[in-house]
Amino acid sequence: MTAAAVAPSDVALVGFKDQANLGMGYLAATLEEHGRRVALLDFNDPTEVLVEQVREADPLVVGFSLIFQYYLPSYRDLARALREAGVTAHFTIGGHYPSLCFDEVLESVPEMDSVARFEGELTLVDLVERLAAGDDWREVPGLALRRGEELTESEPRALIQRLDDLPHPVRPAEPERVIGFRTVPILASRGCARRCSFCSIHAFYRSAPGKVVRKREPAAIVAEMKELNEQDGITVFLFQDDDFPLWGKAGRRWVDELVGELRAQELVGRVVWKISCRAEYVEPELFAQLRDAGLYLVYMGLESGNEGGLEVLNKQISVEQNKAAIATLRELGIAFEYGFMLFDPSSTFDSIRENARFLHSITADGQVGATFCRMLPYGGTPIRDRLREEGRLRGDVTRPDYEFLDPRLTEYHRLLDRAAEGWIHNDGVSHQLNWAWMEVEVLSRLAGPLEHLPEYRAALTDLTTRSNYLLFELVERSALAFERDGDTSLLSPAQPDRICRGLVDELLEMRNGFVAANQARVMAAIERSRVRGPIVSPQIF
């Protein structure tokens, strides 16, 4: 594979470029605002391509953006390959895990010169300027580094208090698409006020000086949305806030301003948007207001369907609050997706069945594909520390794991994870069903009247209902059989795999038929979007 040509740059940023990686985009924009040339490189490219691109860029600094800690070995391999190819640039790495566990990262990756901790925009600018001037970079605030054999930290750098002082992030020339409609991620705030035990986000923001939660001004957010809509034809916005800032009286005032700006700038009806928030914020009047201003999809981290699990995860919410939020969204006609941990360190066979029953109850109407996962003890989280104190922490820094209180659950989880793979992993049927539902929500709001929409909704509902039923039948029956006498016959993956392949085939045939019947309408709606330059035919199949 031949590498795309890269111009000489002061900084090469390496990370996943999926969904336009806002973290890298803000780093690049801030560097460029300070007169620095930046190359954005995709970690998904082969190592030999990345090595060639970095050598062409010949940067002062190579910055590695680490999203999940289990990619650390792959980043280490790339750093080693770059050094072996003669790259002498300063190597720095950032992200939640490096920021919170810099000692583990620097010990695991000797090729790294530093860790840029917490919000890295100004730290990276400072680092580049000192290296360019030949000054001592070790005193740059916000770094972790080696001093001889010792791992140490420089003075901490405060969080950025005025987010609107940051330039708009650098975005890819060709944005991703939802059934032909251009989509980009966007931020309204940074930080999270909660303290969930499994999540590194609150530890990340609380470990640096400054106010934890910071909101952008509604006028600035909408101005960015309008610019992207008018210049690049963006009609679908994905807010990537850790927790969309809806809480309290201040949150309500902020929402009123945001909705007012969307209406004043005539974006209502022209764009739609998605948010992530906690379930207790979902209140009928507030979310009706958001829906009418373009909100089409809400992601919530529900995490557990029993009070004991919610307590262990320190969610500070109840099962009934989660149920009430879902009921409100259904009544308002707003689609939702969710995060859920069927397994956590407190799990028993009873709690797994209770979780499965909860999930089945909220997905039984066929409006969302059922998904779940196992809680993992990520670096820097309170629950990892607790598991270590209890002697239950297992695995290594990149593949953290733990022992269940009932040792039989380790084997049951392994078998169920494989048997349910066709539903819950990567391109599993549940994820494909949720993508199809997202397409429906976007199309129904942006493409006008559609042929056979009621029939397609009904068919998609029926398929989703059947898929969810089969998944939870597998979970509940297999958990009971395994607990009772170790029976693993229901966990053989052959039959579930055949079922999932059949469900996916049925979905694709139904979905493609619906899209084909409405292709002219979809194309006309995309043509109406104000796009700079010629419109490229969307990949809608």
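Bear in mind the structure is a predicted one, so any value in this text is a computation, not a measurement.

Peer 1: Teacher, can you tell me more about the pairing of strand β1 (residues 11–15) here?
Peer 2: Two faces make up the sheet, and in a regular strand the side chains alternate between them. Burial runs high along β1: five of the five residues are buried. Taking every second residue as pointing to the same face, both faces of β1 are buried, with Val11, Leu13 and Gly15 on one and Ala12 and Val14 on the other. Bridge count for β1 against strand β3 (residues 61–65) is four bridges, and the pairing is parallel. Across the sheet, residue Leu13 finds its bridge partner in β3, namely Gly63.

Peer 1: When you look at the sheet that holds strand β4 (residues 90–94) in this model, what are you seeing that I'm missing?
Peer 2: Where strands meet in a sheet, backbone hydrogen bonds hold them as pairs that are either parallel or antiparallel. Spatially, β2-β1-β3-β4-β5-β6-β7 is the arrangement adopted by the seven strands of the open sheet, whose pairing is mixed. A strand with exactly one partner marks an edge of an open sheet, and here the two such strands are β2 (38–42) and β7 (150–153). Here the strands of the sheet are splayed against their neighbours by 25° on average, with no regard to which way each runs. As paired elements, β4 and strand β5 (residues 114–116) share two bridges and run parallel to each other. Opposite Ile93, over in β5, you have Val115 as the bridge partner.

Peer 1: What am I meant to see in the sheet that holds strand β9 (residues 181–186) here?
Peer 2: Here seven strands make up an open sheet; going across it, the order is β8-β9-β12-β13-β14-β15-β16 and the pairing mixed. Pairing within the sheet leaves two strands with one partner each, and these edge strands are β8 (176–178) and β16 (373–374). As judged from the two bridges shared by strand β15 (residues 335–343) and β16, these two strands associate in the parallel manner. Residue pairing across strands places Met341 opposite Cys373, the latter belonging to β16. Sitting on the sheet, helix α8 (residues 218–232) touches β9, β12 (234–239) and β13 (272–276), and the angle it makes with β12 is about 145°.

Peer 1: Any chance you could explain the nonpolar core here in plain terms?
Peer 2: A general tendency of soluble globular proteins is for nonpolar side chains to be buried together. By size, the foremost hydrophobic cluster in this structure holds 115 residues, and its most contacted members are Phe181, Trp273, Phe287 and Tyr412. Broken down by element, the residue count for this core peaks at 10 residues, all from helix α18 (residues 453–485). With residues up to four places along the chain from it excluded, the contact list for Phe287 reads Leu246, Ile275, Cys277, Tyr281, Val282, Leu295, Val298, Leu329, Leu332 and Ile334. By size, the runner-up hydrophobic cluster in this structure holds 44 residues, among which are Phe43, Leu50, Val62 and Ala208.

Peer 1: So what exactly am I meant to see when it comes to the confidence of the model for the protein here?
Peer 2: Residues of the protein with pLDDT of at least 70 account for 97%, and the chain-wide mean is 94. Predicted confidence is poor over residues 531–541, with pLDDT under 50, and the contacts of this stretch with residues over four places away or in other chains come to 23 contacts.

Peer 1: How should the packing of aromatic side chains be read in this particular structure?
Peer 2: The geometry of an aromatic ring pair is captured by two quantities: the separation of the ring centres and the angle between the planes. Enumeration over the complete set of coordinates arrives at 22 aromatic pairs. Aromatic pair Phe343 and Tyr412: ring centres 6.2 Å apart, planes at 45°, arrangement tilted. Here Phe343, found in strand β15, pairs with Tyr412, found in helix α15 (residues 408–419); they are 69 residues apart in sequence, far enough to count as distant. As far as the burial class goes, Phe343 and Tyr412 line up, both buried. Three or more aromatic residues joined by ring pairs form one cluster here, namely Phe16, Phe43, Phe64, Phe68, Tyr70, Tyr71, Tyr75 and Phe91. Above the plane of the ring of Tyr26 lies Arg190, whose end atom (NZ or CZ) is 5.3 Å from the centre. The ring of Tyr402 carries the charged tip of Arg374 above its face, separated from the ring centre by 4.3 Å.

Rules and cut-offs
Residues numbered from 1 in each chain as written. Predicted model: local features only at pLDDT ≥ 70, side-chain atom pairs only at ≥ 80, totals over all residues. Heavy atoms only, no water. Buried < 20%, exposed > 50% of the residue type's maximum accessible area, 1.4 Å probe, protein only. Helix = DSSP H or I, 4+ residues; strand = E, 2+ residues; numbered from the N terminus. Pairing = 2+ DSSP bridges. Axes fitted to C-alpha atoms, helices over the stretch in contact; angles between N-to-C directions. Contact = heavy atoms within 4.5 Å. Core = buried A, V, L, I, M, F, W, Y, C linked by side-chain atoms within 4.5 Å. pLDDT = per-residue confidence, 0-100. Phe/Tyr/Trp six-rings, centres within 6.5 Å; stacked < 30°, edge-to-face > 60°. Lys NZ or Arg CZ within 6 Å of the ring centre and 35° of its normal.

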